[in-house]
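Next come the chains, spelled out residue by residue.
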Amino acid sequence: MIWDFNFNLPTSIEFGNGTVNNVGKRAKELGGNKVLIITDKGLAQTGILKRVTDSLEQEGVSFLVYDEITPNPKDVDCVKAYEKFKEENIDLLLGLGGGSSMDTAKAIGVLFTHEGELKDRYGFNLLERDITPLICIPTTSGTGSEVTTGSVITDTITKQKEAILDIKLAPKLAIVDPELTLTLPKSITAATGMDALTHAIEAYTSNIAEPISDALSLYAIEIIAKYLPLAVENGTNLEARQNMLVGSLIAGMAFTHADLGAVHAMAEPLGGLYDTPHGVANSIFLPHVFEYNIPSNPEKHATVALKLGATAEGKTLEEIAQEGVVLLHELASKIGIPQFRDLDNVNPDDFEFLAEGAFKHLCTITNSRQLSKDDYLKLFQKTYEMKMKHSYQ
């Protein structure tokens with residue numbers, strides 16, 4: 001194979017326990033005089049926000065807080081924040097939380113620096129300049145948004161998730177502190193961890209994967225498969241938390257360059273319609289899409305299966321890969337991921353709409369195996385009909 005690729009990581013990364021205490025100094029270094037912190041109400045009531053604001057105060061950096069972020073952030077929420085703070089002379093943004101907070105911060109940065117509406121920027125490379133400088137501080141081990149160059153926002157008119165994809169969205173700095181994830185509930189640990197695993201698997205099997213993204217993806221798959229059950233079982237296990245945050249981080253780096261596939265193409269319409277948590281949706285569809293994709297590249301899918309814990313002796317590549325399907329189902333079941341049919345509001349009558357949204361999704365293009373709308377419809381139906389017993393909730 002002849003390789004032809006570019007790899008650019010515009011975000012500086014500061015990783016380690018207690019690094020959140022450096023945010024005030026880093027904000028000053030980036031020229032921040034007035035910071036807008038974008039977070040959610042639950043996080044705003046914890047000591048995590050106070051650690052951030054204390055550090056800013058110690059360095060004499062003024063700040064405002066917008067804490068109205070919800071899962072699957074919506075265009076109207078981004079506009080609401082922009083309208084509220086557009087006259088405040090904000091010169092630095094700080095996304096604190098999960099992917100919803102960080103993606104919203106990116107979208108607000110677009111509104112601060114570009115005329116028009118968010119929908120004018122949906123797609124690839126439609127920004128004219130860098131957004132407002134941004135620091136991202138993840139508090140979950142899932143999205144990797146602290147190092148990605150995309151922002152996914154729900155369009156409340158079309159009920160579809162849309163993406164702004166541009167290197168000009170990239171955070172200037174990611175402060176990645178494992179201590180901030182120690183109090184994450186089991187259900188969120190499980191869902192966000194499976195989100196990170198999906199990122200790594202889809203990046204590795206993508207039809208535009210390249211050597212650097214492959215290396216990142218494989219390491220992420222290995223450590224997430226090992227440490228996610230441990231992090232769910234005991235949230236205070238700092239070793240597990242550290243490794244999960246590394247896995248999420250480097251999976252984010254991988255899929256920024258290799259893109260994703262049909263799991264995300266299915267999960268995002270589901271989130272747009274039902275407001276399903278993104279990590280849960282990815283977890284539900286991952287084993288089914290993985291199985292569908294095996295014929296496109298048995299070797300790569302077998303390699304993923306081995307990283308998940310499959311055995312190779314006496315088996316064909318296809319048989320090893322099929323064991324990976326079983327292991328993905330078992331992992332999701334073990335950590336308490338719900339079944340598709342058990343989600344609130346799921347209606348099989350909507351599957352045509354969801355299949356249409358999945359087929360039109362940008363990630364369909366980079367999925368390792370071609371899919372039609374009918375293929376997606378069959379995958380939605382197959383996933384809905386499956387029932388497994390959970391090991392624990």
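Residues numbered from 1 in each chain as written. Predicted model: local features only at pLDDT ≥ 70, side-chain atom pairs only at ≥ 80, totals over all residues. Heavy atoms only, no water.

### A word on helix H4 (residues 75-85)
Side chains of residues three or four places apart in an α-helix project in the same direction, reflecting 3.6 residues per turn. The complete set of buried residues in H4 reads Asp-75, Asp-77, Cys-78, Ala-81 and Phe-85. With its buried residues spanning 170° around the axis, H4 presents them on a single face. Contacts made by the buried residues of H4 are with strand E2 (34-38), strand E3 (62-66), helix H5 (99-113) and strand E7 (150-155). (Buried < 20%, exposed > 50% of the residue type's maximum accessible area, 1.4 Å probe, protein only. Helix = DSSP H or I, 4+ residues; strand = E, 2+ residues; numbered from the N terminus. Arc of directions from axis to C-beta. Contact = heavy atoms within 4.5 Å.)

### Concerning the pattern of salt bridges
One pass over the structure, following the stated rule, counts 21 salt bridges. The partner of Lys-315 in a salt bridge is Glu-323, with the nearest N and O atoms 2.3 Å apart. Given the relative accessible area of 31%, Lys-315 is considered partly exposed. (Salt bridge = Lys/Arg side-chain N within 4 Å of Asp/Glu carboxyl O.)

### A few points about empty space enclosed by the protein
Per the stated rule, a full pass over the model turns up two cavities of 30 Å³ or more. Counted as a void, the largest cavity has a volume near 120 Å³. Among the secondary structure elements, those contributing two or more residues to the lining of the largest cavity are helix H10 (278-293) and helix H12 (317-334). Tallied by class, residues from the lining of the largest cavity come to nine nonpolar, six polar and no charged. If you trace the second largest cavity, you find 16 residues lining it, with Glu-202, Thr-205, Val-289, Asn-293 and Asn-367 closest to the centre. Looking at the lining of the second largest cavity, the elements with two or more residues in it are helix H6 (186-205), helix H9 (262-274) and H10. The element that contributes the greatest number of residues to the lining of the second largest cavity is H10, accounting for four residues. (1 Å grid on protein atoms, 1.4 Å probe; cavity = no way out; pocket = protein on both sides within 12 Å on 5 of 7 lines; lining within 4 Å. Points joined across faces, edges and corners; volume = space filled by probe spheres on them. Nonpolar A, V, L, I, M, F, W, Y, C, P; charged D, E, K, R; others polar.)

### Considerations on the side chain of Thr-132
Residue placement: Thr-132 occurs in the loop between strand E5 (123-124) and strand E6 (134-138). Here Thr-132 is in contact with Ile-90, Asp-91, Leu-92, Leu-93, Gly-109, Phe-112 and Thr-113, once residues within four sequence places are set aside.

### Quick notes on the nonpolar core
Core analysis: the biggest nonpolar cluster contains 79 residues, and Met-194, Leu-197, Phe-285, Phe-340 and Phe-380 have the highest contact counts within it. When residues in this core are grouped by element, the largest group, 11 residues, is from helix H7 (residues 211-233). If sequence neighbours within four positions are ignored, Met-194 has contacts with Leu-228, Gly-279, Ser-283, Leu-286, Leu-331, Ala-332, Ile-335 and Ile-337. Membership of the second largest hydrophobic core comes to 24 residues, among which are Tyr-66, Ile-90, Ala-105 and Val-110. (Core = buried A, V, L, I, M, F, W, Y, C linked by side-chain atoms within 4.5 Å.)

### A few points about the packing of aromatic side chains
Under the criterion given, the structure shown has nine aromatic pairs. Summarising the aromatic geometry, the rings of Phe-340 and Phe-380 are spaced 6.4 Å apart at their centres and angled 40° between planes, so their arrangement reads as tilted. Separated by 40 residues along the polypeptide, Phe-340 in the loop between H12 and helix H13 (351-360) and Phe-380 in helix H15 (residues 373-385) bring together distant segments of the chain. Residue class for Phe-340 comes out buried when judged on its relative accessible area of 1%. Ring geometry for Phe-351 and Tyr-384: centres 5.5 Å apart, planes at 75°, overall edge-to-face. With a gap of 33 residues between them, Phe-351 in helix H13 and Tyr-384 in helix H15 connect regions that are remote in the sequence. Among the aromatic residues, those joined into a cluster by ring pairs are Phe-285, Phe-340, Phe-351, Phe-380 and Tyr-384. Directly above the aromatic system of Tyr-204 lies the positively charged group of Lys-300, at a separation of 4.4 Å from the ring centroid. A cation over an aromatic ring shows up here: Arg-369 above the ring of Tyr-292, its NZ or CZ 4.0 Å from the ring centre. (Phe/Tyr/Trp six-rings, centres within 6.5 Å; stacked < 30°, edge-to-face > 60°. Lys NZ or Arg CZ within 6 Å of the ring centre and 35° of its normal.)

### Structural notes on the UniProt feature "domain: Fe-containing alcohol dehydrogenase-like C-terminal" (unreviewed entry) in the chain
If you check UniProt for "domain: Fe-containing alcohol dehydrogenase-like C-terminal" (unreviewed entry), the listed places come out as residues 189-384 in our numbering. Counting secondary structure, residues 189-384 comes out at 74% helix and 0% strand; the distance between its end C-alpha atoms is 24 Å. (UniProt positions renumbered as here; feature names shortened; annotations may be inferred.)

### Considerations on the pairing of E7
Here is the key point about a regular strand: its side chains alternate between the two faces of the sheet. Among the six residues in E7, five count as buried, and that is most of the element. The pairing of E7 with strand E8 (residues 160-165) spans six bridges and is classified as antiparallel. For Ser-151, the partnering residue across the bridge sits in E8 and is Ile-164. (Pairing = 2+ DSSP bridges.)

### Some thoughts on the packing of H7 against helix H8 (residues 238-258)
Relative to each other, H7 and H8 sit at 150°, their axes nearing to 8 Å. When the axes of H7 and H8 are compared, the pair comes out roughly antiparallel. Crossing of H7 over H8 shows left-handed handedness. Residue classes in the contact of H7 with H8 are distributed as 17 nonpolar, five polar and two charged. (Axes fitted to C-alpha atoms, helices over the stretch in contact; angles between N-to-C directions. Parallel < 35°, antiparallel > 145°, perpendicular 65-115°, else oblique. Left-handed = near helix turned anticlockwise from the far one by under 90°.)

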